[in-house]
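As a plain string of letters, each chain reads:
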Amino acid sequence: MKKVNIIIGAVIVIAVIAVFFWVRSVLKSNYIELGSNDKIDPTPTQIQSIRDIGEWEFLSISAEEMVDTVRKGFFSDDELVRIYYGTLRLGINMQNLRDDAITLQGDTLQVTLPKVSLLDKDFIDEAKTKSFYESGKWTPQAHQALYQKAHRQMLQHCLTDENVSAAQANAEPQLSNLFKSLGYKNVILSFE
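Residues numbered from 1 in each chain as written. Predicted model: local features only at pLDDT ≥ 70, side-chain atom pairs only at ≥ 80, totals over all residues. Heavy atoms only, no water.

**What to know about a nonpolar patch on the surface**
Spelled out, the test is: Only residues whose relative accessible area exceeds 30% and that form no salt bridge enter a patch; like-charged residues are grouped when within 9 Å of one another, and nonpolar side chains (Val, Leu, Ile, Met, Phe, Trp, Tyr) when within 5 Å. Using a 1.4 Å probe, accessible areas were evaluated by the Shrake-Rupley method; residue-level cover was limited to the displayed protein chains. Any Lys or Arg side-chain nitrogen located within 4 Å of an Asp or Glu carboxyl oxygen qualifies as a salt bridge. For helices the rule is a DSSP run of H or I covering at least 4 residues; for strands it is a run of E covering at least 2, with both sets numbered from the N terminus onward. Throughout, exposure labels follow a simple rule: accessible area from a 1.4 Å probe, protein chains only, divided by the maximum for the residue type, with under 20% read as buried, over 50% as exposed, and the rest as partly exposed.
On the surface, a cluster of nonpolar side chains totalling about 360 Å² of accessible area is made up of Met66, Phe132 and Tyr133. The residue Met66 is located in strand β1 (residues 55-71) in this model. We classify Met66 as exposed; its relative accessible area is 51%.

And the structure:
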């Protein structure tokens, strides 16, 4: 009986050693390594989420224009003077973000943003428009022509290089913080 127990014990020890070496050889050829990857590539889903932001306003300009027109008459002149109020909003329409606008080089994200532009072309508030002086009878077409004149003047006075630059200067820290909150360490922004 003692011999049988010794033989059974030896067989068990040999089996355990064989299993150990077999498991070791299997694990050597097929192993799993765990690690971390700090690199975050911009995905199409992230680019679409940025596009979904839509319009992002960076500068709002309140404008007031007094415009007039005179119609020469035989005995007297007719005059129409109106004051128009509007708010021009400059910003970026993220819907215009190109597919190749975001690239990652090492740990630096480079983003080419759409140019800063006027977000809404209908910026005159008709409810605030005031008739300053009106003599004679004026057609709706004359009123529309005056409206268009005020629209052009507001664009000329407000959509300046200085205001576009101010809007870009406001955009840079906000957009840089947006991309950093998405996990990018270094962000370089440029505008089309």
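**A word on the packing of aromatic side chains**
Think of a pair of aromatic rings as described by two things: how far the centres are apart, and how the planes are tilted against each other in angle. Keep this limit in mind: Working definition: a ring pair exists when centres of Phe, Tyr or Trp rings (six-membered ring for Trp) sit within 6.5 Å. Plane angles under 30 degrees give stacked, over 60 give edge-to-face, the rest tilted.
Using the criterion set out here, one finds 2 aromatic pairs in the structure. Geometrically, the ring pair formed by Trp56 and Phe58 is stacked, given 5.4 Å between the ring centres and 25° between the ring planes. Residue Trp56 is classed as buried on the basis of its relative accessible area of 19%. Seen from their ring centres, Tyr84 and Tyr147 are 6.1 Å apart, and the 75° between their planes marks the pair as edge-to-face. With a gap of 63 residues between them, Tyr84 in strand β2 (residues 78-93) and Tyr147 in helix α3 (residues 140-158) connect regions that are remote in the sequence.

**Focus: the pattern of salt bridges**
Following the criterion strictly, the structure yields 3 salt bridges and no others. Linking Glu57 and Arg89 is a salt bridge whose minimum nitrogen-to-oxygen distance equals 3.2 Å. Residue Glu57 is located in strand β1, and its partner Arg89 is located in strand β2; the two are separated by 32 residues in the primary sequence. Classification of Glu57 by relative accessible area gives partly exposed; the value is 34%. Judged by relative accessible area, Arg89 falls into the partly exposed class, the value being 37%. Here the salt bridges share partners, and the residues they tie into one network are Arg98, Asp100 and Glu192.

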